[in-house]
Amino acid sequence: MTVKLLIRLLPGLLVLGFGAAALPGGSTQGLWNRERWLWADGGTAVRQRLGAALVAAYFAVEWLWGTGELAAQKLLALPEIPELWDTVGATLTCCLVLAKVLFASRYSGRQLLVSVGLCLWFAFSHMITGYDPIANSLCAMLLLKDVDLRWSLRWLSSSIFAKLAVHLALIGAGVFTAGWAERWETGRLRADLQFGSVNFLGIALAQMAILWLALRPRFKLWHLLPFGAVLVFIQQVPNCRSAVIIGLGFAVLLVLARCLPQLFAAKPVQALLCLAAPLVAAFTWALSLVYDKDNKLMAAIDFVLSRRISLAYNTFGMEKLYGNQHFFFGQAFISDGFYRVDNSYIYYYYLCGPIMVALICLGFVLLTYRLLKQGDLPLALAVAMFTVYAVMEHCLSPGLNMTLYLMPIALYPNAEFVLTLQHKGPPKEERSLS
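Keep in mind that what you see is a predicted model, and the values were worked out from it rather than measured.

**Comments concerning the nonpolar core**
With 133 residues, the main nonpolar core has Leu 14, Phe 250, Tyr 345 and Tyr 348 as its most contacted residues. Those residues within four positions of Tyr 345 in sequence are excluded, and the remaining contacts are Ala 277, Val 280, Ala 281, Thr 284, Trp 285, Val 357, Ile 360, Cys 361, Phe 364, Thr 387, Ala 390 and Val 391.

Listed below in structure tokens is the structure:
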């Protein structure tokens, strides 16, 4: 099964499963608000354990399957092994997502409508663009419904750490090479440790560190020592400036929240956090259109954002961007034509159309709002930083943007099983960081 087939089948299967569970005798009582397991409403304990197992398996396959592919290629020297491994891995991932969504998640009529609408939109966008990360991001957004959030995010962080540990061990054993090289003629010597790219290695490790810090029951200043060590590793090995910036930004916000808790309880600050995505999108769009390399302030902002402003400006000025675009719905993805712009708010405008960009901004806004409302301030700060990271890398990719896994919090705000880091449901006041 491919991800293309999965997202086309999913809306119909969701409706069939809900109908089979909700209308066994033709009754419509509680259809809109009461959550039900699909196909047959019952077996809660078994389905919850099944959901946890499927999520754990998904993260293990997502992060470690590619390592097995590389090891098979190096050790067996059989070129057909990676192709077969890719096919099996993609099929396994799709089956895990399908099983979790259809057999280990509960839906009310309202939640079903949201899920089906989201599936239809992403399937439509994928049909036009042919861009697989769109489908992968949809799978990530539906995965964590009705599972323990802290446990799931620990599995995600642990899977990234396991991949790093295995790669380092295989490099030490001489199976892999570290991949040191000067890339893109920048003069910076960088290594990807066989993660696929230096930027992917950098953000993978940054996400691992951010999750570790955000999941601390009580944040202490000494937690910054191991966190900082990871950032130093990112700077020295993949030399990924964008990942370091995101990590440092998150740490600064967390320290400020610990020292000035009243500041982050203020409505204007919370509103600023919630509106970070549309504000960042508008600011970077405007700056990319009027960028002047001789303006010191613009040049400084461009440097901080890892040259993403000048990259977009140069693309705007050199050629007419992607002339086959349909205004609302984007155009077909061309592998050699869409690498020039990394800013998600610009990139997805040309690839998927302005509706997708509006949905991305809305998703960030709703997710941050819900996290603040239920008291998960560390995760809200992480989401705010990923709205900035979206300027530097494409955000509709689960490997680059862990906040996609948090989207059930925004999509299903009244879910019976609350996705929160709190031990006893969402408190009335924000979690203390002191």
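**Some points on the side chain of Arg 370**
Along the polypeptide, Arg 370 turns up in helix 16 (residues 354-373). For Arg 370, which is buried and forms no salt bridge, the nearest opposite charge comes from Asp 376, at a distance of 9.3 Å. With sequence-adjacent residues up to four places away left out, Arg 370 is seen in contact with Ile 409, Ala 410 and Pro 413.

**Description of helix 15 (residues 344-352)**
Most of helix 15 is tucked away, with nine of its nine residues classed as buried. Looking only at helix 15, the buried set comprises Ser 344, Tyr 345, Ile 346, Tyr 347, Tyr 348, Tyr 349, Tyr 350, Leu 351 and Cys 352. Backbone nitrogen of Tyr 345 and a side-chain oxygen of the N-cap are separated by 3.0 Å at the start of helix 15; the cap is Asn 343. In the stretch just after helix 15, Gly 353 is the one whose phi turns positive, near 95°.

**What about the packing of helix 7 (residues 198-214) against helix 17 (residues 377-389)?**
Where helix 7 contacts helix 17, the axes come no closer than 10 Å and their chain directions differ by 160°. The angle between helix 7 and helix 17 falls in the class roughly antiparallel. The two elements helix 7 and helix 17 meet at a crossing, and its hand is right-handed. Here Asn 199, Ile 203, Gln 207, Ile 210 and Ala 214 of helix 7 come into contact with helix 17, specifically with Pro 378, Leu 379, Ala 382, Phe 386 and Tyr 389. Classifying every residue of the contact of helix 7 with helix 17 gives eight nonpolar, two polar and no charged.

**Remarks on the packing of aromatic side chains**
Here a ring pair, both rings aromatic, is described through the centre-centre distance and the interplanar angle of the planes. Scanning the model with the defined rule gives 19 aromatic pairs in all. Arranged with centres 5.6 Å apart and planes meeting at 5°, the rings of Trp 63 and Phe 200 form a pair that is stacked. Residue Trp 63 is located in helix 2 (residues 44-76), and its partner Phe 200 is located in helix 7; the two are separated by 137 residues in the primary sequence. Arranged with centres 6.2 Å apart and planes meeting at 55°, the rings of Trp 121 and Phe 329 form a pair that is tilted. Of this pair, Trp 121 sits in helix 4 (residues 109-129) while Phe 329 sits in the loop between helix 14 (308-318) and helix 15, and the two are 208 residues apart along the sequence. Classification of Phe 329 as partly exposed rests on a relative accessible area of 25%. Clustering of aromatic rings is evident, with ring pairs tying together Tyr 58, Phe 59 and Tyr 405. Sitting over the face of the ring of Tyr 107, Lys 145 holds its NZ or CZ atom 5.4 Å from the ring centroid. Sitting over the face of the ring of Phe 195, Lys 163 holds its NZ or CZ atom 5.3 Å from the ring centroid.

Parameters at a glance
Residues numbered from 1 in each chain as written. Predicted model: local features only at pLDDT ≥ 70, side-chain atom pairs only at ≥ 80, totals over all residues. Heavy atoms only, no water. Core = buried A, V, L, I, M, F, W, Y, C linked by side-chain atoms within 4.5 Å. Buried < 20%, exposed > 50% of the residue type's maximum accessible area, 1.4 Å probe, protein only. Contact = heavy atoms within 4.5 Å. Helix = DSSP H or I, 4+ residues; strand = E, 2+ residues; numbered from the N terminus. Lys, Arg positive; Asp, Glu negative; His and termini not counted. Salt bridge = Lys/Arg side-chain N within 4 Å of Asp/Glu carboxyl O. Polar contact = N/O pair within 3.5 Å; in protein donor to acceptor, adjacent residues only side chain to side chain. Axes fitted to C-alpha atoms, helices over the stretch in contact; angles between N-to-C directions. Parallel < 35°, antiparallel > 145°, perpendicular 65-115°, else oblique. Left-handed = near helix turned anticlockwise from the far one by under 90°. Nonpolar A, V, L, I, M, F, W, Y, C, P; charged D, E, K, R; others polar. Phe/Tyr/Trp six-rings, centres within 6.5 Å; stacked < 30°, edge-to-face > 60°. Lys NZ or Arg CZ within 6 Å of the ring centre and 35° of its normal.

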